[in-house]
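A closer look at the structure
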Amino acid sequence: MTRLMLPAALLLLAACSGGEDKSQPEDSAAISPLQKAERPAPAETPETTVDADMPKAADETPAKPETKTAGDGKTIPSAIRGRWALKVADCKAKKGTDLTALTIDATNLRFYESHGELSRVRESDANRIVADYKFSGEGVEWDRRMQLDLADGGKTLVRRDSGEGAAAGAMRYTRCAE
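The rules behind each value
- Residues numbered from 1 in each chain as written.
- Predicted model: local features only at pLDDT ≥ 70, side-chain atom pairs only at ≥ 80, totals over all residues.
- Heavy atoms only, no water.
- Helix = DSSP H or I, 4+ residues; strand = E, 2+ residues; numbered from the N terminus.
- Buried < 20%, exposed > 50% of the residue type's maximum accessible area, 1.4 Å probe, protein only.
- Areas by Shrake-Rupley, 256 points an atom, 1.4 Å probe, with all protein chains shown as cover.
- Pairing = 2+ DSSP bridges.
- Axes fitted to C-alpha atoms, helices over the stretch in contact; angles between N-to-C directions.
- Polar contact = N/O pair within 3.5 Å; in protein donor to acceptor, adjacent residues only side chain to side chain.
- Contact = heavy atoms within 4.5 Å.
- Core = buried A, V, L, I, M, F, W, Y, C linked by side-chain atoms within 4.5 Å.
- Phe/Tyr/Trp six-rings, centres within 6.5 Å; stacked < 30°, edge-to-face > 60°.
- Disulfide = S-S within 2.5 Å.

A separate point is the overall build of the chain. On a plain count of helices and strands, the chain comes out with three helices and eight strands. Counting helices and strands in the order they occur from the N terminus, the chain gives α-α-α-β-β-β-β-β-β-β-β. Put simply, the chain has 178 residues, and 26% of those count as buried. Counting only carbon and sulfur atoms, one obtains 55% of the accessible surface of the chain, whose full area is about 13,600 Å².

Given below as structure tokens:
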């Protein structure tokens, strides 16, 4: 009988509250009273008073949000573009025999037997891009995310693939003279 009285008493108290909802977001979540008691109280932030006659300090101006995309966010950075090869000898090889060569333009990656078209830039700056590409080659199509980073003052391109079927580890390309 007392089990039934406790919920009834809670309903009566709720009805007498005057209709004002004083619940907090955590009150509606499935959190037990024990979990609520274990939470630390939120840290209090000291209130600051602003004197209208005093000028604002230079370090109090809000910082501009940092952007991770340089340029238009729709192309591969120009410093990364060009002809690259895993084997230096492939830089001088005749087209069609340059098995490890990679040619990069504003929106494409061209390998010996495949072609990747830029579909989405995720992060980019002058010497780095992380992007999704739509590939096709030998009658097959697939999607791949790649990270391309310049190293050694722009002489080396480090490629990292991610996703299903991605190559394990980084691949280091040498810039070919043009």
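One closed barrel accounts for eight strands, arranged β1-β2-β3-β4-β5-β6-β7-β8; its pairing is antiparallel. Across the sheet, the mean angle from the axis of one strand to that of its neighbour is 35°, orientation sign disregarded. Two strands pair when backbone bridges link them, and strand β1 (residues 82-85) and strand β2 (residues 101-104) are joined in this way by four bridges, in the antiparallel orientation. Each residue of the ladder has a partner; that of Trp-84, found in β2, is Leu-102.

With that out of the way, let us pick up the side chain of Thr-100. Along the chain, the position of Thr-100 falls in the loop between β1 and β2. Its relative accessible area of 15% is what places Thr-100 among the buried residues. In this structure the side chain of Thr-100 is engaged in a polar contact, spanning 3.1 Å, whose partner is the backbone nitrogen of Lys-87. Discounting residues that sit within four places of it in the chain, Thr-100 has contacts with Trp-84, Ala-85, Leu-86, Lys-87, Asp-90 and Tyr-173.

Let us look at the nonpolar core. Grouped together as the largest cluster of nonpolar side chains are 19 residues, with contacts concentrated most on Ile-104, Leu-109, Tyr-133 and Leu-157. Only β2, β4 (115-125), β5 (128-137), β6 (140-151) and β8 (171-175) provide two or more residues apiece to this core. Of the residues forming this core, the biggest block, four residues, is contributed by β5. Among all residues touching Ile-104, those that are not within four sequence positions of it are Ile-76, Ile-80, Arg-81, Gly-82, Trp-84, Leu-109, Leu-148 and Leu-157.

In total, this model carries three aromatic pairs according to the counting rule given. Between Phe-111 and Phe-135, the aromatic rings sit 6.1 Å apart at their centres with planes inclined by 40°, giving tilted as the arrangement. Placement of Phe-111 in the loop between β3 (108-110) and β4 and of Phe-135 in strand β5 is noted, with a sequence separation of 24 residues between them. Phe-135 matches Phe-111 in its accessibility class, with the two residues each being buried. Given a relative accessible area of 4%, Phe-135 falls into the buried group. Ring pairs connect the aromatic residues Phe-111, Tyr-133, Phe-135 and Trp-142, which therefore count as one cluster.

Bringing the state of the cysteines into the picture now. The term disulfide refers to a covalent linkage connecting the sulfur atoms of a pair of cysteines. Following the criterion strictly, the structure yields one disulfide and no others. Cys-91 shares a disulfide with Cys-176; S-S distance 2.0 Å. Because the torsion about its S-S bond is -75°, the bridge between Cys-91 and Cys-176 counts as left-handed. Note that Cys-91 is positioned in the loop between β1 and β2 and Cys-176 in the segment after β8, a separation of 85 residues in sequence.

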